[in-house]
Amino acid sequence: MKNWPVVLIICAIFSVSIVLVPQSAARRIYFTPEQKQQLQKAQTVFVNALALTEKGRTDSEQLQALVSQRLTEVGFSVIVDRKQAHDVEFKVKCEERKTWTGTTAEGGDAELFDAPSRLWKGPACLLTYSLKGKNLGWYKEVRTSFHDAMQAAKAAGVKDAGTYALTKLAERLKQYDFPVLLAAEWGQPDRLITLLDMPDTPKIRKLYILSTLSEIEAESALPHLTKLMQDKDLAQEAVEALTGVGEDSIPLLTDLFQSSTQPEIQAAAARALGDVAGSSGNPTAIPPLLEYLKAALKNFNTSADINFPVLTEVVWSLGKLRDEDSLEPMDELNQRVWLIRDNSKEMAALREAANWTYKQLDLDGHVS
């Protein structure tokens, strides 16, 4: 869990929960260099929409218009005629009663919140795309809050269950930010950065974008994330999103860690330093973290002396970096956390981090 991007959108922002989880870890098909280049340059999208009720195929014009409008918001050019030249085909199939069986029963995409569900047989929209006629294994699904469209329509006083189901699915498509996911999937972070810079972009969407940027290599996002850190409501998420920038973000993260007076920002910076330095092998993040630990040990007598959020993240990060200079102070910390009479959750978390990190640093001793 500690290695996951740590930006979450709290449930119930809308009538349906939204949970941000790592998308990239579940991809099952890898792009060839040619496909990757084609997707990065993709601009024109052919929207292929299909609407089905229990009575059969129905007019999909409104569905097509909705999807097209949402893609246009992110800067894509949209066409609805297959004969016109296009870079990518984006398919949306909405059904009153789902007939597609979904992906694998478990693992991969099946673990994601928005993955197609084998068990769901109610109203659903399946979102996919293809490049040069080839399906690249990207599947997303939005569903209504009800399984039975007929019962739901009757309860709402609507005669046509199919129309009711498609209307509710359209509402879900307005909420579900598939354009942001597609821009990230296709390696086009500049589109996301443009949205971040727009003053009328809702903060809830900015949080979603920041989470997405943290999962992809987006070095061009660095100056924009730096700017966003001036926004108190987005500062912590901007720090966490810097993990996606790579080792170029270490100087900025170090400065934030050492200068910030906000514990949540300092803790986020410490966590990001561990993630970035741990994955890149860059050792420059170690000294500031180790310096903080040594300073904390000088005044470590009661729980009141401990900044739990910051110290706990520092300890986790030192465990990821596994530098031998950390062994001695971590040995001291691992002993002293048990000398303070404190059974709080915060102390339990620090003890867990100290124990794990010490074991990581003293692997030779444990093996012998």
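Before reading further, recall that the structure is shown in the block above.
The structure contained in this document is the topic of the report that follows. (Residues numbered from 1 in each chain as written. Predicted model: local features only at pLDDT ≥ 70, side-chain atom pairs only at ≥ 80, totals over all residues. Heavy atoms only, no water.)

Let us look at the packing of helix H12 (residues 286-298) against helix H13 (residues 308-321). Look at H12 against H13: their axes get within 10 Å of each other, and the N-to-C directions meet at 130 degrees. As summarised for this structure, H12 and H13 are arranged oblique, according to the angle between their axes. Considering how the two elements wind past one another, H12 and H13 form a crossing that is left-handed. In contact with Ile286, Leu289, Leu290, Tyr292, Leu293 and Ala296 of H12, H13 contributes Val310, Leu311, Val314, Ser317, Leu318 and Leu321. Here the residues of the contact of H12 with H13 sort into 11 nonpolar, 1 polar and no charged. (Axes fitted to C-alpha atoms, helices over the stretch in contact; angles between N-to-C directions. Helix = DSSP H or I, 4+ residues; strand = E, 2+ residues; numbered from the N terminus. Parallel < 35°, antiparallel > 145°, perpendicular 65-115°, else oblique. Left-handed = near helix turned anticlockwise from the far one by under 90°. Contact = heavy atoms within 4.5 Å. Nonpolar A, V, L, I, M, F, W, Y, C, P; charged D, E, K, R; others polar.)

All chains considered together, the criterion is met by 8 aromatic pairs. Measuring from centroid to centroid gives 5.5 Å for Phe90 and Phe178, while their planes differ by 15 degrees, and the two rings are stacked. With Phe90 in strand S4 (residues 88-95) and Phe178 in helix H5 (residues 178-185), this pair connects stretches of sequence that are 88 residues apart. Residue class for Phe178 comes out buried when judged on its relative accessible area of 1%. A ring pair is formed by Tyr129 and Trp138, whose centres lie 5.8 Å apart and whose planes are at 50 degrees; its orientation type is tilted. By the burial criterion, Tyr129 is buried, and Trp138 matches it. Grouped by ring-pair contacts, the aromatic residues Phe76, Phe90, Tyr129, Trp138, Phe178 and Trp186 constitute a single cluster. The ring of Phe76 carries Arg191 above its face, with NZ or CZ at 4.0 Å from the centroid. It is Arg351 that lies over the ring of Trp338; its NZ or CZ is 4.6 Å from the centre. (Phe/Tyr/Trp six-rings, centres within 6.5 Å; stacked < 30°, edge-to-face > 60°. Buried < 20%, exposed > 50% of the residue type's maximum accessible area, 1.4 Å probe, protein only. Lys NZ or Arg CZ within 6 Å of the ring centre and 35° of its normal.)

Here the focus is helix H4 (residues 161-175). For H4, built from 15 residues, the straight-helix expectation of 21 Å at 1.5 Å per residue is met to within 8% by its first-to-last C-alpha distance of 22 Å. Those residues of H4 not exposed but buried are Ala161, Gly162, Tyr164, Ala165, Leu166, Leu169, Arg172 and Leu173. Residue Asp160 occupies the N-cap position of H4, its side-chain oxygen lying 3.0 Å from the main-chain nitrogen of Gly162. (Expected span 1.5 Å × (residues − 1). Polar contact = N/O pair within 3.5 Å; in protein donor to acceptor, adjacent residues only side chain to side chain.)

Here we come to the nonpolar core. Phe257, Leu311, Leu333 and Leu350 are the most contacted members of the largest nonpolar core, which totals 42 residues. Those elements giving two or more residues to this core turn out to be helix H10 (250-259), helix H11 (263-280), H12, H13, helix H14 (327-336) and helix H15 (345-361). Per element, the largest residue contribution to this core is 9 residues, and it comes from H11. Ignoring any residue separated from it by four or fewer positions in sequence, one finds Leu333 in contact with Leu293, Leu297, Phe300, Leu311, Val315 and Ala354. Residues Ala49, Leu127, Ala184 and Leu196 belong to the second largest nonpolar core, which totals 41 residues. (Core = buried A, V, L, I, M, F, W, Y, C linked by side-chain atoms within 4.5 Å.)

Between H13 and H15, the least distance of the axes is 8 Å, while the angle of their chain directions is 20 degrees. By the angle between their axes, H13 is roughly parallel relative to H15. Here the hand of the crossing between H13 and H15 comes out left-handed. Here H13 contributes Phe308, Leu311, Thr312, Val315, Trp316, Leu318, Gly319 and Lys320 to the contact with H15, which in turn contributes Glu346, Met347, Ala349, Leu350, Glu352, Ala353, Ala354, Trp356, Thr357, Gln360 and Leu361. Here the residues of the contact of H13 with H15 are counted per class, giving 12 nonpolar, 4 polar and 3 charged.

Counting buried positions along S4 yields 6 of 8 residues, so the element is predominantly enclosed. As judged from the 8 bridges shared by strand S1 (residues 44-53) and S4, these two strands associate in the parallel manner. Note that in S4 the partner of Val47 across the bridge is Phe90. Strand direction decides the pairing type here: S4 and strand S5 (residues 124-131), joined by 7 bridges, are antiparallel. Residue Phe90 lies in a different strand from S5, and its bridge partner there is Tyr129. (Pairing = 2+ DSSP bridges.)

Moving on to the pattern of salt bridges. Evaluated as defined, the whole model comprises 9 salt bridges. A salt bridge links Arg70 to Asp177, with the nearest nitrogen and oxygen atoms 3.4 Å apart. Of this pair, Arg70 sits in helix H2 (residues 61-73) while Asp177 sits in the loop between H4 and H5, and the two are 107 residues apart along the sequence. Like Asp177, Arg70 is buried. Glu141 is the salt-bridge partner of Arg143, the closest N and O atoms lying 2.6 Å from each other. (Salt bridge = Lys/Arg side-chain N within 4 Å of Asp/Glu carboxyl O.)

One non-glycine residue, Lys132, adopts positive backbone phi at about 55 degrees. Within the element layout of this structure, Lys132 appears in the loop between S5 and strand S6 (134-135). Assessed through its relative accessible area of 64%, Lys132 is described here as exposed. Phi is positive for Arg322, close to 50 degrees, though the residue is something other than glycine. Tracing the backbone through its elements, the reader meets Arg322 in the loop between H13 and H14.

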